[in-house]
Amino acid sequence: MANSAQARKRARQAEKQRAHNASLRSTLRTAIKKVRKAIDAGDKAAAQAVFQESVSVIDSIADKRIVHKNKVSRHKSRLSAQIKAMAAAA
């Protein structure tokens, strides 16, 4: 347990920041799931629209360094490839 007033305050701030970061990570996962759901539905136009909306959310979370930029890039790349593959399958 923190002994000084400064350490107690930092502990409070850290907990508040951890909760905020957890919320942003949840938003990231939800955005990715929305795109995957649209891809599974099979409508390429709808999937592309949802992907475009999600990219800005995903990028903003990466800019805040909640997750690493390479992880975000990997997710975007794989989702984009799945959307492109829909045309070949259809």
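On a predicted model such as this, the values are computed, not experimentally measured, just so you know. (Residues numbered from 1 in each chain as written. Predicted model: local features only at pLDDT ≥ 70, side-chain atom pairs only at ≥ 80, totals over all residues. Heavy atoms only, no water.)

Things to note about the confidence of the model for the protein
Here is step 1: Overall, the prediction assigns the protein a mean pLDDT of 95, with 98% of residues at 70 or greater.
Here is step 2: Taken element by element, the protein is modelled with least confidence in helix H3 (residues 69-89), mean pLDDT 92, and with most confidence in helix H1 (residues 5-41), mean pLDDT 97. (pLDDT = per-residue confidence, 0-100. Helix = DSSP H or I, 4+ residues; strand = E, 2+ residues; numbered from the N terminus.)

Let's talk about the environment of Arg74
Here is step 1: Residue placement: Arg74 occurs in helix H3.
Here is step 2: Expressed as a C-alpha distance, the spacing of Arg74 and Asp59, which sit 15 residues apart in the sequence, is 12 Å.

Describing the packing of H1 against helix H2 (residues 44-63)
Here is step 1: Viewed as axis vectors pointing N to C, H1 and H2 meet at an angle of 165°, and their least axial separation amounts to 9 Å. Classified by the angle between their axes, H1 and H2 sit roughly antiparallel to one another. As for the relative orientation of H1 and H2, their crossing is left-handed in sense. Where H1 approaches H2, its residues Leu24, Thr27, Leu28, Ala31, Ile32, Lys34, Val35, Ala38 and Ile39 are matched on the opposing element by Ala47, Val50, Phe51, Ser54, Val57, Ile58 and Ile61.
Here is step 2: In the contact of H1 with H2, the residues fall into 13 nonpolar, two polar and one charged. (Axes fitted to C-alpha atoms, helices over the stretch in contact; angles between N-to-C directions. Parallel < 35°, antiparallel > 145°, perpendicular 65-115°, else oblique. Left-handed = near helix turned anticlockwise from the far one by under 90°. Contact = heavy atoms within 4.5 Å. Nonpolar A, V, L, I, M, F, W, Y, C, P; charged D, E, K, R; others polar.)

Describing the pattern of salt bridges
Here is step 1: Taken as a whole and judged by the stated rule, the model has two salt bridges.
Here is step 2: The partner of Lys76 in a salt bridge is Asp59, and the shortest N-O contact between them spans 2.7 Å. Taken together, the residues span a long stretch of sequence, with Lys76 in helix H3 and Asp59 in helix H2 at a distance of 17 residues. (Salt bridge = Lys/Arg side-chain N within 4 Å of Asp/Glu carboxyl O.)

A look at unusual backbone geometry
Here is step 1: Although it is not a glycine, Arg65 adopts a positive phi angle of roughly 60°.
Here is step 2: Relative to the elements of secondary structure, Arg65 occurs in the loop between H2 and H3.

What about H2?
Here is step 1: Taking 1.5 Å per residue, 20 residues should reach 28 Å; H2 reaches 28 Å between its end C-alpha atoms and fits that length.
Here is step 2: Along H2, the sharpest kink reaches roughly 25°, centred on Ser54.
Here is step 3: Taken as a whole, H2 has its buried residues at Ala47, Phe51, Ser54, Val55, Ile58, Ile61 and Ala62.
Here is step 4: Where H2 begins, one side-chain oxygen reaches toward the backbone nitrogen of Ala45, 3.4 Å away; that side chain belongs to Asp43. (Expected span 1.5 Å × (residues − 1). Bend = angle between axes of the 7 residues up to and from the residue. Buried < 20%, exposed > 50% of the residue type's maximum accessible area, 1.4 Å probe, protein only. Polar contact = N/O pair within 3.5 Å; in protein donor to acceptor, adjacent residues only side chain to side chain.)

Thoughts on H1
Here is step 1: With 37 residues, H1 extends 54 Å from end C-alpha to end C-alpha; this agrees with the ideal 54 Å at 1.5 Å per step.
Here is step 2: Within H1 the residues assigned to the buried category are Asn21, Leu24, Leu28, Ala31, Ile32, Val35, Ala38 and Ile39.

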